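Reading the structure
Okay, here's what each chain looks like letter by letter:
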Amino acid sequence: MKKRTFLKTSSSLIAGSLLTPMISCKETPENTQAMIRKNWAGNLQYSAKQYYEPNTVEEIQDLIKQADKVRLLGTRHCFNTIADSPDTQISLKNFDKIIELDEAAQQVTIGAGIKYGQLCPYLHEKGFAIHNLASLPHISVAGACATATHGSGVGNGNLGTGVAAVEFVNGKGELVTLSRAKDGDRFLGAVVNLGGLGAITKVTLDIEPTYQMRQDVYQYLPMEALADHFDEIMSSGYSVSLFTDYQTDKVNQVWIKRKVEKGVEQSAEPEFFGAQLATRDIHPILAISAENCTPQMGVVGPWYERLPHFRMDFTPSSGTELQAEYFVPRENAVAAIQAIQQMGSRLKQLLMISEIRTIKADELWMSTAYRRESVAIHFTLEQDWAALQLLLPDIEKALEPFGARPHWGKMFTLAPSTLQSRYERLPDFKDLLKENDPDEKFSNPFLQKNLYQG
C-alpha cells in the first residue's frame, strides 16, 4: 500500500470478503462452520474451525464447557495471532451495552464488546470522561485493556489503568469478578490478561468530569532540540505525540493536546523549540488529506474529539499496513530514538510513519509500562511480511540495550526467552492462568510460544 492510501475512508470497517455473517451460538459445533475471517489489516486469516456470536453469559459458559480450545475475538485490530484459535472463536460483538453509570462512585460498567466510539459520546453527554484514548476510537474497550494499548501523556497510564473491575467466564465455565477494591494484587494480574484468563464479559472503568481540549500541531522540530529538551517537549500538553519518518534531522510533526479550563484563554506560540506552528489541519503523513483527522488549529472541543488522532465518524477501511511498537524506559528515550534515527536508510522503503509518545508507569503485571515510565516507538509499515521479517530483528537489536517490550497485539520477532525476561511477574501471571484455566482452554500457539517456550 502506498502512503497516499493510508487510512482512507470507507463505508465499512471491514470490507468485502472480511465481513462475516452472524452465526447463531445455538448451533452445535458439528454444523457451525467458521466463515473466512481476517483481521483488520487483512494480513491474517483466522484458523478457528468454529465461530460464535453469543448473546448471553450463559451461552458463553456453555460454549466454553464444550470447547477444547477457545479464544475471544474483539474488533480484530491485532496484527498477530494473539486472538486466533485452532478450535473455537467467540465474538463479543453482542455484548456492546452500557450496563450501569455510577455517578457517585465515578465508574461506568460496560459490556466487553463495546467500542470507545460508542462509549465516549454517552459519557460526555452525562458529564463524564475517561482519562485517555488510543489513536483510533474504533477498537473495543476490553481488547485494548487486555493488550495494554495506550493513549499518551507523561501523567497518563495506558488504557488498562482505567479498569476498576473485570467480570469473566474462566476455563471451568465459572463466572468470576475481580476488582481493584477487593482483590488487590490478583486484580493487577487480570487486567492485561492477553485473552488467557477467560472470556471477559463486563468491564468497569473509572470516569471523571468531562473536559474540553484543543489540539495544536507543529512541524519540523529539530532532532537536536528533541535531544536537549525531551521531557519539556513531551510534558507540554496533556497528551503529546511526535510523528517522524527518520529521513531528515527533524521530527516531522508534534501534536500537542491540552485541556482547556472554562474561562481560561489559551493560545499557541508560533514557534515551539524551533518547530513552526502549522497553518492548517494536517495528517501524520503530510501528503494525505487531514479530513479524517481530529480538529487542530486550537479549535476547542470535547475530549473524545481531540484525544484520538482520527475522528470517530471516520470509519477506516481494512488497512493494508502492518504495525509494530516497542516500549522503552523514558530515561532511555533519546538514546533509543537516536538508535532508530541511525536506521533511516534501512527504514525508508517500508516505513510509512512512526509515532513516539509517553506512558506513565503502572502496576499491571503484563503491562508494557509495568513499573517504568515509558516511551513508545510505533511503526506503521508497508504490508510486506517477508521484508519485515528481516527489518524487525534489526529494530529489536537497536533497542536491545533499553530492554524494549513489544506491544502484545502487534508484529515482533523477539525471542520468547528475551521477552519473558522483561516481565518479572510472569511466573505469577502463569499461576493466575492455571488457577482459572487448568485445562488451558484459552491457550493458543501465540501464548504457548511467548509465555512458555524457552
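In the block above lies the structure referred to throughout.
Notes on the structure in this doc start here.

**Observations regarding the state of the cysteines**
Applying the stated criterion across every chain, the model contains 0 disulfides. Counting only cysteine sulfurs, Cys145 is the nearest neighbor of Cys120, a cysteine outside any disulfide, at a range of 11 Å.

**Quick word on the layout of surface pockets**
Empty space left among the atoms is revealed by rolling a probe the size of a water molecule over them. The space that makes up the second largest pocket amounts to roughly 270 Å³. If you go around the second largest pocket, you meet 15 residues; those closest to its centre are Asn80, Trp385, Met411, Phe412 and Lys449. A class-by-class count of the residues in the lining of the second largest pocket yields 8 nonpolar, 5 polar and 2 charged.

**Focus: the packing of helix 4 (residues 180–190) against helix 10 (residues 426–436)**
Packing of helix 4 against helix 10 leaves a shortest axis separation of 10 Å and a crossing angle of 90°. Relative to helix 10, the element helix 4 is oriented roughly perpendicular. Facing Arg186, Gly189 and Ala190 of helix 4, the residues of helix 10 in contact are Phe429, Leu432, Glu435 and Asn436.

**Describing empty space enclosed by the protein**
Inspection of every chain in the model, using the stated rule, returns 4 cavities of 30 Å³ or more. Put simply, the largest cavity is a space of about 60 Å³. Taken together, Tyr116, Ile130, His131, Asn132, Leu159, Gly162, Leu205 and Asp206 make up the lining of the largest cavity. Classifying every residue of the lining of the largest cavity by side-chain character gives 4 nonpolar, 3 polar and 1 charged. In this structure, the second largest cavity encloses a volume near 50 Å³.

**Section: the pattern of salt bridges**
The tally for this structure, following the rule as stated, stands at 18 salt bridges. Between Asp394 and Arg346 there is a salt bridge, and its shortest N-O distance comes to 2.9 Å. Note that Asp394 is positioned in helix 8 (residues 385–399) and Arg346 in helix 7 (residues 344–347), a separation of 48 residues in sequence. Residue Asp394 is classed as partly exposed on the basis of its relative accessible area of 31%. With a relative accessible area of 36%, Arg346 lands in the partly exposed category. Between Glu400 and Arg422 there is a salt bridge, with the nearest N and O atoms lying 2.9 Å from each other. Taken together, the residues span a long stretch of sequence, with Glu400 in the loop between helix 8 and strand 20 (405–406) and Arg422 in the loop between helix 9 (416–421) and helix 10 at a distance of 22 residues. For Glu400, a relative accessible area of 39% corresponds to the partly exposed category. Among the charged side chains, a salt-bridge network with shared partners connects Asp185, Arg425 and Asp428.

**Remarks on the pairing of strand 13 (residues 250–260)**
In terms of burial, strand 13 is largely enclosed, as 9 of its 11 residues are buried. In the sheet, strand 11 (residues 212–222) pairs with strand 13 via 10 bridges, with the strands oriented antiparallel. Bridge pairing in strand 13 places Arg214 opposite Arg258. One ladder, built from 5 bridges, connects strand 12 (residues 239–244) with strand 13; its direction is antiparallel. By the bridge assignment, Leu242 is partnered in strand 13 with Val254. Counted between consecutive antiparallel strands, the loop separating strand 12 from strand 13 contains 5 residues, among which Tyr246 sits at a positive phi close to 65°.

**Examining the nonpolar core**
Counting 117 residues, the largest nonpolar core has Tyr116, Trp303, Ile340, Met366, Ile395, Leu399 and Trp408 as its most contacted members. With sequence-adjacent residues up to four places away left out, Leu399 is seen in contact with Tyr326, Val328, Ala336, Ile340, Ile377 and Ala404. Residues Leu136, Phe243, Ala278 and Met352 belong to the second largest nonpolar core, which totals 14 residues.

**Description of the sheet that holds strand 4 (residues 98–102)**
Spatial ordering of the open sheet is given by 4-5-9-7-8, a layout of 5 strands whose pairing is antiparallel. On the outer flanks of this sheet lie strand 4 and strand 8 (175–179), each paired with one strand and no other. Taken pair by pair, the neighbouring strands of this sheet meet at an average axis angle of 15°, ignoring direction. Inspection of the sheet shows strand 7 (residues 163–169) paired to strand 8 by 5 bridges, in the antiparallel sense.

**A look at the packing of aromatic side chains**
Inspection of the entire model under this criterion finds 10 aromatic pairs. Here Tyr326 and Phe379 contribute two aromatic rings whose centre-to-centre distance is 6.4 Å and whose plane-to-plane angle is 70°, an arrangement assigned as edge-to-face. Here Phe379 lies in strand 19 (residues 374–382) and Tyr326 lies in strand 17 (residues 321–329), a separation of 53 residues in the sequence. Comparing Tyr326 with Phe379 shows no difference in burial state: the two are buried. In textbook terms, an aromatic cluster arises when at least three aromatic residues are bridged by ring pairs, as seen for Tyr211, Tyr238, Trp303 and Tyr304. Above the face of the Tyr211 ring, Lys259 is positioned so that its terminal group lies 4.2 Å from the ring centre. Sitting above the plane of the Tyr423 ring, Arg405 keeps its charged end 5.1 Å from the centroid.

Calculation notes
- Residues numbered from 1 in each chain as written.
- Predicted model: local features only at pLDDT ≥ 70, side-chain atom pairs only at ≥ 80, totals over all residues.
- Heavy atoms only, no water.
- Disulfide = S-S within 2.5 Å.
- 1 Å grid on protein atoms, 1.4 Å probe; cavity = no way out; pocket = protein on both sides within 12 Å on 5 of 7 lines; lining within 4 Å.
- Points joined across faces, edges and corners; volume = space filled by probe spheres on them.
- Nonpolar A, V, L, I, M, F, W, Y, C, P; charged D, E, K, R; others polar.
- Axes fitted to C-alpha atoms, helices over the stretch in contact; angles between N-to-C directions.
- Helix = DSSP H or I, 4+ residues; strand = E, 2+ residues; numbered from the N terminus.
- Parallel < 35°, antiparallel > 145°, perpendicular 65-115°, else oblique.
- Contact = heavy atoms within 4.5 Å.
- Salt bridge = Lys/Arg side-chain N within 4 Å of Asp/Glu carboxyl O.
- Buried < 20%, exposed > 50% of the residue type's maximum accessible area, 1.4 Å probe, protein only.
- Pairing = 2+ DSSP bridges.
- Core = buried A, V, L, I, M, F, W, Y, C linked by side-chain atoms within 4.5 Å.
- Phe/Tyr/Trp six-rings, centres within 6.5 Å; stacked < 30°, edge-to-face > 60°.
- Lys NZ or Arg CZ within 6 Å of the ring centre and 35° of its normal.

Shape descriptors only; they carry no functional weight alone.
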